[in-house]
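Residues per chain, in single letters:
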Amino acid sequence: MTDEKNAGKNRKTPRGRMEKPRGERDGKKRKERAGKSHKGKQKILEMKGWENQRRKDKLPTQREKGKNVRGNSAKGSLVAGKSREKRNRKPHEENSLQKNPITSLLRKSRKKKFHMKKNFSTNSLANSLNRNIYIPTGMYIIYNESTKMKELVKKIGELSIPLIVGIVAALAWANIDSYSYNDFIYRELAPGVNFHFLVNDVFLVLFFGSVSIEIVHGVAPGGNLYPIKNTVSNLLGALGGILLPIALFFSLNAFFGSPDYHNGWAIPTATDVAISLLFAQMIFGKKHPAFTFLLLLAIADDVVGLAIIALFYPDPELPVNPRWLSLVFVAVAVAWILNKHKVRSYWAYLLTGILSWAGLHEANMHPSLALIFIIPFIPHETEPGKERCQTELDRFESDFKPIVDYGLFFFGLSNAGVVFSSISELTLIVFVSLLAGKTFGIYLMVKIAGLFKFRINNAITDLDLLLIGMTAGIGLTVSLFIAEIAYTDGSIADAAKMGALFSLFNGFIALAVAKLIRKEPEIEHI
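Residues numbered from 1 in each chain as written. Predicted model: local features only at pLDDT ≥ 70, side-chain atom pairs only at ≥ 80, totals over all residues. Heavy atoms only, no water.

### As for the overall build of the protein chain
- Helix and strand counts for the protein chain come out as 22 helices and four strands.
- Expressed as a percentage of the 526 residues in the protein chain, the buried residues total 44%. (Helix = DSSP H or I, 4+ residues; strand = E, 2+ residues; numbered from the N terminus. Buried < 20%, exposed > 50% of the residue type's maximum accessible area, 1.4 Å probe, protein only.)

Here's what the structure looks like:
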């Protein structure tokens, strides 16, 4: 029996060597691997063509890897002691390490205390990219800070803060020194070109182009408005939010207004999509069906609003010249040909947009609508059977979205410079038409649609519908634009603009009502 046990322990291999049992062999290999990974040398991340430098520091132990890296207090290899580094460094390596930018970056990071995220190890980031790459602390901090800055800049644009700052600046400037404000806005920079022209006729091309992108995505297969039969209640709600404000505008104007105000009937039909959705997010949250309902309603409202501007508001000082509209048809035909030949670059389509702009400008119509005829032809569909990836239209939107978001500062500065003394009965007419017309128009039309079995989500209550109407009553951007083009008399236009500016309070009214009356629905956990 003893011989059999010894034979099991010391078994001979074919070459005659004694072999240990498998369990002992595996345990020894694990120890060897652990020792190698602990004693192995690190590689420094290659940066700007510099060759990888070998570090003399040892890897941190398993206990040290789990600790936070906080400046000089860390014990791992990321912030090694200077004495050990100098002791292990050879004299001929001193100059090469001093010239290496990553080494100098590491030295700077050791002098300052950087606060990292809890339980974060930069080696884990390196392992996710490449196990042989070592990312120094300083490099991660630079990367992390730049990412945070980009997110902050994006968030500021999405919240329409540049637009609000521009409006406040214009109001303050116009009421402090209206002469210098008007001189800045309307001073001729070139024949027929001033700051107001550059903003309203050039920059707004991109703004209305971005609006039309939302419409294209909405009606495309898989979009929020596709198929149309599933969004009948949204479309009817948008229709009610347009018809009742118009009826209310004419009624109030007949009661205590003036015949000179008639041309501003379209001012209360507009909805500022970005700011309305911002208030809706604060009231409902992004995941609530009411938020999606308002989004679809705002997109449908944009479609009607663009059609109203194009058809009913030509240049009041010059008659429409239909012959020049042929340039617009040529631009659309060229864009269609580019799409059929699968031209992917959106810059080619923007060139046709210039042709469309010239046709609208010479036809004495608003050239700011030039891109809405071209945007649908920019490639935005993925191949059938494949997952949706970034299309050329998505690239155009992502490239120009920051320009649009921050360019709205100049729009607010150019169009919101109204003197408070210009407030008149027209201001009240516009404000009430936006608040009451949108609120009850959307509510009544959705209820009428429900009678014909076009129902909305059961989670949307009657109070939610009223709150949706209030937030949709924020006209602001498009209302300011319509007020500018609807009247030739500057004092009347200023009074209408004040009503559009006061519509921003509709969002705060909706927020206050939601906080006082609305109750969050109870969620049943299954």
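This is not the end of the story, as more comes after the structure.
### Some points on the pattern of salt bridges
- Enumeration according to the criterion identifies six salt bridges in this entry.
- The salt bridge partner of R187 is D183, with a shortest N-O separation of 2.5 Å.
- Using a relative accessible area of 29% as the deciding quantity, one classes D183 as partly exposed.
- Note that E392 is salt-bridged to R395, the shortest N-O span being 2.9 Å. In this pair, E392 and R395 are both assigned in helix α17 (residues 392–415), three residues apart and thus about one turn of the helix distant.
- Here E392 falls in the buried class, since its relative accessible area comes to 12%. (Salt bridge = Lys/Arg side-chain N within 4 Å of Asp/Glu carboxyl O.)

### Concerning the side chain of D301
- Relative to the assigned elements, D301 resides in helix α14 (residues 289–312).
- Contacts of D301, omitting those with residues within four sequence positions, involve A238, I242, T269, A270, T271 and K438. (Contact = heavy atoms within 4.5 Å.)

### Quick word on the packing of aromatic side chains
- In the structure shown here, the tally under the stated rule is 20 aromatic pairs.
- Each ring, one from F279 and one from F508, has its centre 5.1 Å from the other, and the planes form 80°; the classification is edge-to-face. Of this pair, F279 sits in helix α13 (residues 273–283) while F508 is found in helix α22 (residues 505–516), placing the two residues 229 residues apart along the sequence.
- According to the relative accessible area criterion, F279 is buried, its value standing at 5%.
- Looking at F508, the relative accessible area reads 45%, which means it is partly exposed. (Phe/Tyr/Trp six-rings, centres within 6.5 Å; stacked < 30°, edge-to-face > 60°.)

### A short note on the nonpolar core
- Counting 65 residues, the largest nonpolar core has F208, F411, L426 and Y487 as the members making the most contacts within it.
- Beyond its immediate stretch of four places on either side in the chain, F208 contacts L306, I309, S368, L369, I372 and F481.
- Counting 27 residues, the second largest nonpolar core, distinct from the first, contains I283, A290, L294 and I456. (Core = buried A, V, L, I, M, F, W, Y, C linked by side-chain atoms within 4.5 Å.)

### Some thoughts on the environment of N200
- By the secondary structure assignment, N200 is in helix α11 (residues 195–219).
- Considered as a pair, N200 and H366 are 166 residues apart in the sequence and their alpha carbons are 9.1 Å apart.
- A distance of 3.0 Å separates the side chain of N200 from the side chain of N415, its partner in a polar contact. (Polar contact = N/O pair within 3.5 Å; in protein donor to acceptor, adjacent residues only side chain to side chain.)

### Observations regarding the environment of V202
- Residue placement: V202 occurs in helix α11.
- Overall, V202 belongs to the partly exposed group, its relative accessible area being 37%.
- Each C-alpha atom, one on V202 and one on S368, is 6.3 Å from the other, the two residues being 166 residues apart in sequence.
- Once residues within four sequence positions are removed from consideration, V202 is found in contact with F197 and W357.

### Looking at unusual backbone geometry
- Unusually for a residue other than glycine, K453 sits at a positive phi of about 65°.
- On the accessibility criterion, K453 (71% relative accessible area) is exposed.
- Residue L476 is not a glycine yet carries a positive backbone phi of 45°.
- The exposure class assigned to L476 is buried, which follows from its relative accessible area of 1%.

### A closer look at the packing of helix α12 (residues 232–256) against α14
- Put simply, α12 and α14 touch, their axes get as near as 8 Å, and they point 55° apart. Classed by the angle they form, the pair α12 and α14 counts as oblique. Crossing of α12 over α14 shows right-handed handedness. On the side of α12, the interface is formed by S233, N234, L235, G237, A238 and I242, while α14 contributes F293, L296, L297, A300, D301 and V304.
- A breakdown of the residues in the contact of α12 with α14 according to their chemical character gives eight nonpolar, three polar and one charged. (Axes fitted to C-alpha atoms, helices over the stretch in contact; angles between N-to-C directions. Parallel < 35°, antiparallel > 145°, perpendicular 65-115°, else oblique. Left-handed = near helix turned anticlockwise from the far one by under 90°. Nonpolar A, V, L, I, M, F, W, Y, C, P; charged D, E, K, R; others polar.)

### Focus: the side chain of K497
- Relative to the elements of secondary structure, K497 occurs in helix α21 (residues 490–502).
- By relative accessible area, which is 5% here, K497 ends up buried.

### Observations concerning the environment of I275
- Its place among the elements puts I275 in helix α13.
- For the pair I275 and T471, spaced 196 residues apart in the sequence, the C-alpha separation amounts to 8.4 Å.
- If near-sequence neighbours (up to four positions away) are discounted, I275 is found in contact with S160, L163, I474, L476 and L504.

### Thoughts on α11
- End to end, α11 covers 35 Å across 25 residues, agreeing with the expected 36 Å (1.5 Å per residue, within 8%).
- Where α11 bends most, the angle comes to about 45°, and this point is L204.
- Here α11 lies mainly inside the structure; 18 of its 25 residues are buried.
- The distance from a side-chain oxygen at the start of α11 to the backbone nitrogen of H196 is 3.3 Å, and the residue carrying that oxygen is N194. (Expected span 1.5 Å × (residues − 1). Bend = angle between axes of the 7 residues up to and from the residue.)

### Here's the deal with the packing of helix α10 (residues 178–186) against α17
- Look at α10 against α17: their axes get within 10 Å of each other, and the N-to-C directions meet at 125°. Classified by the angle between their axes, α10 and α17 sit oblique to one another. On α17, the residues touching Y181, F184 and I185 of α10 are L413, S414 and N415.
- Split into classes, the residues belonging to the contact of α10 with α17 amount to four nonpolar, two polar and no charged.

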